[in-house]
Amino acid sequence: MSKKLDAFLNENLGELKEQGLYNEIDPVEGPNGPVIKVRGKDLINLSSNNYLGLATNEELKKLAKDAIDKYGVGAGAVRTINGTLDIHVKLEEKLAEFKGTEAAISFQSGFNCNMAAISGVMDKNDAILSDQLNHASIIDGCRLSRAKIIAFKHSDMDDLRQKAKEATESGLYNKVMVITDGVFSMDGDIAKLPEIVEIAKEFDLITYVDDAHGSGVTGKGKGTVKHFGLEKEVDLQMGTLSKAVGVVGGYVAGKQNLIDWLKVRARPFLFSTAVPPGDVAAIIGALQMIMDSTELHDKLWDNGDYLKKGLKELGFNIGESETPITPCIIGDEKLTQQFSKRLFEEGVYAKSIVFPTVPKGTGRVRNMPTAAHTKEMLDDAIATYEKVGKELGVIN
Ligand SMILES: *Cc1c(COP(=O)(O)O)cnc(C)c1O
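These numbers were taken from a predicted model, which means no experiment stands behind them.

(A) Main features of the site of the ligand. As a structural note, the neighbourhood of the ligand is formed by 14 residues, with Gly110, Phe111, Asp210, Thr240 and Lys243 the closest of them. Threonine 240 places a polar side-chain atom, nitrogen or oxygen, 2.7 Å from an oxygen atom of the ligand. Lysine 243 is positioned such that a nitrogen or oxygen atom in its side chain is 2.6 Å from an oxygen atom of the ligand. Contact with the protein chains hides 86% of the accessible area of the ligand, taken as 380 Å² for the molecule alone. With respect to the pocket detection grid, the ligand is positioned in the second largest pocket. Looking at the shell around the ligand residue by residue, the classes come out as two nonpolar, nine polar and three charged.

(B) Geometry of a negative patch on the surface. Among the surface-exposed residues, Glu295, Asp298, Asp302 and Asp305 lie close enough to one another that they form a single negatively charged patch. Looking at the element boundaries, glutamate 295 is found in helix α13 (residues 295-313). For glutamate 295, a relative accessible area of 62% translates into the label exposed.

(C) The arrangement of the packing of helix α14 (residues 333-345) against helix α15 (residues 375-391) in detail. Where α14 contacts α15, the axes come no closer than 10 Å and their chain directions differ by 135°. By the angle between their axes, α14 is oblique relative to α15. Relative to α15, the crossing made by α14 is right-handed. The residues of α15 that touch α14, namely those facing Phe339, Arg342 and Leu343, are Thr384, Tyr385, Val388, Gly389 and Glu391. Residue composition of the contact of α14 with α15, grouped by class: four nonpolar, two polar and two charged.

Definitions and cut-offs
- Residues numbered from 1 in each chain as written.
- Predicted model: local features only at pLDDT ≥ 70, side-chain atom pairs only at ≥ 80, totals over all residues.
- Heavy atoms only, no water.
- Near = heavy atom within 4 Å.
- Polar contact = N/O pair within 3.5 Å; in protein donor to acceptor, adjacent residues only side chain to side chain.
- Areas by Shrake-Rupley, 256 points an atom, 1.4 Å probe, with all protein chains shown as cover.
- 1 Å grid on protein atoms, 1.4 Å probe; cavity = no way out; pocket = protein on both sides within 12 Å on 5 of 7 lines; lining within 4 Å.
- Sits in = over half its atoms within 2 Å of the grid points.
- Nonpolar A, V, L, I, M, F, W, Y, C, P; charged D, E, K, R; others polar.
- Patch = residues over 30% accessible without salt bridge, like charges linked within 9 Å, V, L, I, M, F, W, Y side chains within 5 Å.
- Salt bridge = Lys/Arg side-chain N within 4 Å of Asp/Glu carboxyl O.
- Lys, Arg positive; Asp, Glu negative; His and termini not counted.
- Charge placed at Lys NZ, Arg CZ, Asp CG, Glu CD.
- Helix = DSSP H or I, 4+ residues; strand = E, 2+ residues; numbered from the N terminus.
- Buried < 20%, exposed > 50% of the residue type's maximum accessible area, 1.4 Å probe, protein only.
- Axes fitted to C-alpha atoms, helices over the stretch in contact; angles between N-to-C directions.
- Parallel < 35°, antiparallel > 145°, perpendicular 65-115°, else oblique.
- Left-handed = near helix turned anticlockwise from the far one by under 90°.
- Contact = heavy atoms within 4.5 Å.

Note that every value here comes from positions in space, so none of it alone points to a role or purpose.
The following block contains the structure:
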């Protein structure tokens, strides 16, 4: 190994470990359902994004297996050579139907979808107005585009309008985009899309909504853009197939010309192998389930409301979430980590999230209830929160 690299790694890893910021990964020894096994221990799982429980759904497993029997385990090539199987086309038709748009393009992940789509339409002559709490993949996609990045204060519409005015009137930029998460994953709040769309109309901004945590959850399952009835107003509806949909992948839904363009310009579409057929078949099935019935969606919201109510009644600060995402804000970073560790020992898996993922002094244990949790599991989790909360002096 290069001496320089070795020194770099040792120094930086040492520093992280000293500061208690080195993340140790616990492998899950089985399916990522409402109860998981970690280090041989069964735990109530409040940390997955498997909102509707579809990641472990029996019907979807069957669809994936059948597709593997028919097509094999891999797609064999990138989409533009001959990795586009007929089921990829079907998937994209299904996505357009799901999102209420003319067309859609799918990618291998939500992360690479943001890298692909933002840099596919924006370039160094453009500017991007980006909510300061946007997801890392949006930030990286913006950077990759080489457009000027102008952050606006989180969901602050006066700040956005002011910056949109300055950017468009400056004459410095060709195109200007506004980009936001649909649902913000650390707090569970929903973007102010009606106002964003209004500002976008006023200044002719391109609108881009990353609804990774909204699809399957908000808008009766159809997402945050649908929740506000703005399917015709948002230019790029981006989402992931890995959270509520339960499998893997990302997509953009929008007008036909936008999708046609991304199919010739989005680099991961051109240079990275297509999503495997088993996954594609499971995704199509999952989207159909979400469109056919709100049963899982309703169960998810019931469970979210139940958990929130339980924690709030105990005196925990659960923030201002408008979705099932339930942060339990503890504040101090060390105490937050200790809290999560004690929950683990008592049988609840809920990860601590601290600076730099969230602002200093707002450390939290984030809870992700799903449709697959039973009331008994949630009661157990709430009782454990009470025990640990009292023990550590977080509640009285
Ligand atoms: C999780 C997430 C992504 C990445 O999606 P993957 O499919 O997991 O790569 C992108 N944007 C947001 C807002 C997310 O929460």
